[in-house]
Amino acid sequence: MGTLTHFDENGKAVMVDVTDKKETQRTATAAGRITVNQEVYDAIEAGTIKKGDVLGVAATAGIMGAKKTAELIPMCHILPLSGCRIKFDKVPEERAIYAYCTVKCTGRTGVEMEALTGAATALLTIYDMCKALDKTMKIGEISLLRKEGGKSGRIENEPVHNPPFEI
């Protein structure tokens, strides 16, 4: 098991110094899901939620969330993201929507937190836009699916769901 790098020799929280790390191309993909009641699922499918295009707004919010990660997570570095994409997979038999966020940059530290924040923000936006119709929605299973770049290279975790598109 690796060592925790966000603490100094006295146990105080610090931002990791990445000055001497080599810049590499870095990519990370994270996913999560929200389950909703049948009324909400049908309304999202039909595009009849009064607040507007739920998945369109959620995709924009997810990108914004990824870009603002360093403002939300205290020890995250501000990263110059070169790409961020949000995709959704609707699964009617589960009344679920899976959100996938892929983030890219060239830098000295990874973009895992940005991908996780992007996926979570997209799901929270779906919740916000639909909460008038469903107080029982559940958000969960947010996890890192893949990361590439840096010293540890490529890491893949088992997805909780296999979408019908490339992630």
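Now for a description of the structure that goes with this document.

The rules behind these values
- Residues numbered from 1 in each chain as written.
- Predicted model: local features only at pLDDT ≥ 70, side-chain atom pairs only at ≥ 80, totals over all residues.
- Heavy atoms only, no water.
- Helix = DSSP H or I, 4+ residues; strand = E, 2+ residues; numbered from the N terminus.
- Buried < 20%, exposed > 50% of the residue type's maximum accessible area, 1.4 Å probe, protein only.
- Contact = heavy atoms within 4.5 Å.
- Areas by Shrake-Rupley, 256 points an atom, 1.4 Å probe, with all protein chains shown as cover.
- Lys, Arg positive; Asp, Glu negative; His and termini not counted.
- Charge placed at Lys NZ, Arg CZ, Asp CG, Glu CD.
- Core = buried A, V, L, I, M, F, W, Y, C linked by side-chain atoms within 4.5 Å.
- Phe/Tyr/Trp six-rings, centres within 6.5 Å; stacked < 30°, edge-to-face > 60°.
- 1 Å grid on protein atoms, 1.4 Å probe; cavity = no way out; pocket = protein on both sides within 12 Å on 5 of 7 lines; lining within 4 Å.
- Points joined across faces, edges and corners; volume = space filled by probe spheres on them.
- Nonpolar A, V, L, I, M, F, W, Y, C, P; charged D, E, K, R; others polar.
- Salt bridge = Lys/Arg side-chain N within 4 Å of Asp/Glu carboxyl O.

Observations regarding the overall build of the protein chain
Each helix and strand in the protein chain was counted, giving four helices and five strands. Starting at the N terminus and ending at the C terminus, the protein chain contains elements arranged as β-α-α-α-β-β-α-β-β. Dimensions along the principal axes, computed over C-alpha positions, put the protein chain at roughly 55 × 30 × 30 Å. Buried residues in the protein chain amount to 39% of all 167 residues. Restricting the contact set of the protein chain to residue pairs at least 6 apart, pairs at least 24 apart contribute 71%. For the protein chain, the accessible area works out to roughly 9700 Å², and carbon and sulfur atoms hold 53% of it. In the protein chain, the 22 positive side-chain charges and the 22 negative ones have mean positions that sit 3 Å from each other.

Some remarks on the nonpolar core
I44, V54, F88, I97, I126 and C130 are the most contacted members of the largest nonpolar core, which has 32 residues in total. The set of elements that each furnish at least two residues to this core consists of β1 (24–35), α1 (38–46), α2 (54–67), β2 (81–91), β3 (96–107) and α4 (112–130). Looking at this core, the element that brings in the most residues is α4, giving seven residues. Those residues in contact with I44 that lie beyond four places of it in its chain are I49, V54, L55, I97, I126 and C130. With six residues, the next largest nonpolar core counts V91, A96, Y98 and Y100 among its residues.

A word on the packing of aromatic side chains
In this structure the tally under the stated criterion is one aromatic pair. On the numbers, 5.6 Å between centres and 85 degrees between planes, the contact of Y100 with F165 is edge-to-face. Of this pair, Y100 sits in strand β3 while F165 sits in the segment after β5 (155–156); the two residues are 65 residues apart in sequence, bridging distant segments of the chain. The exposure class assigned to Y100 is buried, which follows from its relative accessible area of 3%. On the accessibility criterion, F165 (24% relative accessible area) is partly exposed.

As for the layout of surface pockets
A volume near 220 Å³ is recorded for the second largest pocket. Along its surface, the second largest pocket is lined by 13 residues, and T29, R85, T102, K104 and I167 are the ones closest to its centre. Listed by contribution, the elements that provide at least two residues to the lining of the second largest pocket are β1, β2, β3 and β4 (138–148). No other element matches the four residues that β2 contributes to the lining of the second largest pocket. When the residues that make up the lining of the second largest pocket are grouped by side-chain class, the tally is three nonpolar, four polar and six charged.

So, the pattern of salt bridges
Pairing is possible between side chains that carry opposite charge, provided their charged atoms lie close to one another. Per the counting criterion, the structure on display carries ten salt bridges. Its salt-bridge partner being D128, residue K51 comes within 4.0 Å of it at the nearest N-O pair. Of this pair, K51 sits in the loop between α1 and α2 while D128 sits in helix α4, and the two are 77 residues apart along the sequence. If you follow the salt bridges from partner to partner, you end up with R146, E148, R154 and E156 in one network.

Everything listed here is a matter of coordinates, which is why it stays silent on function.
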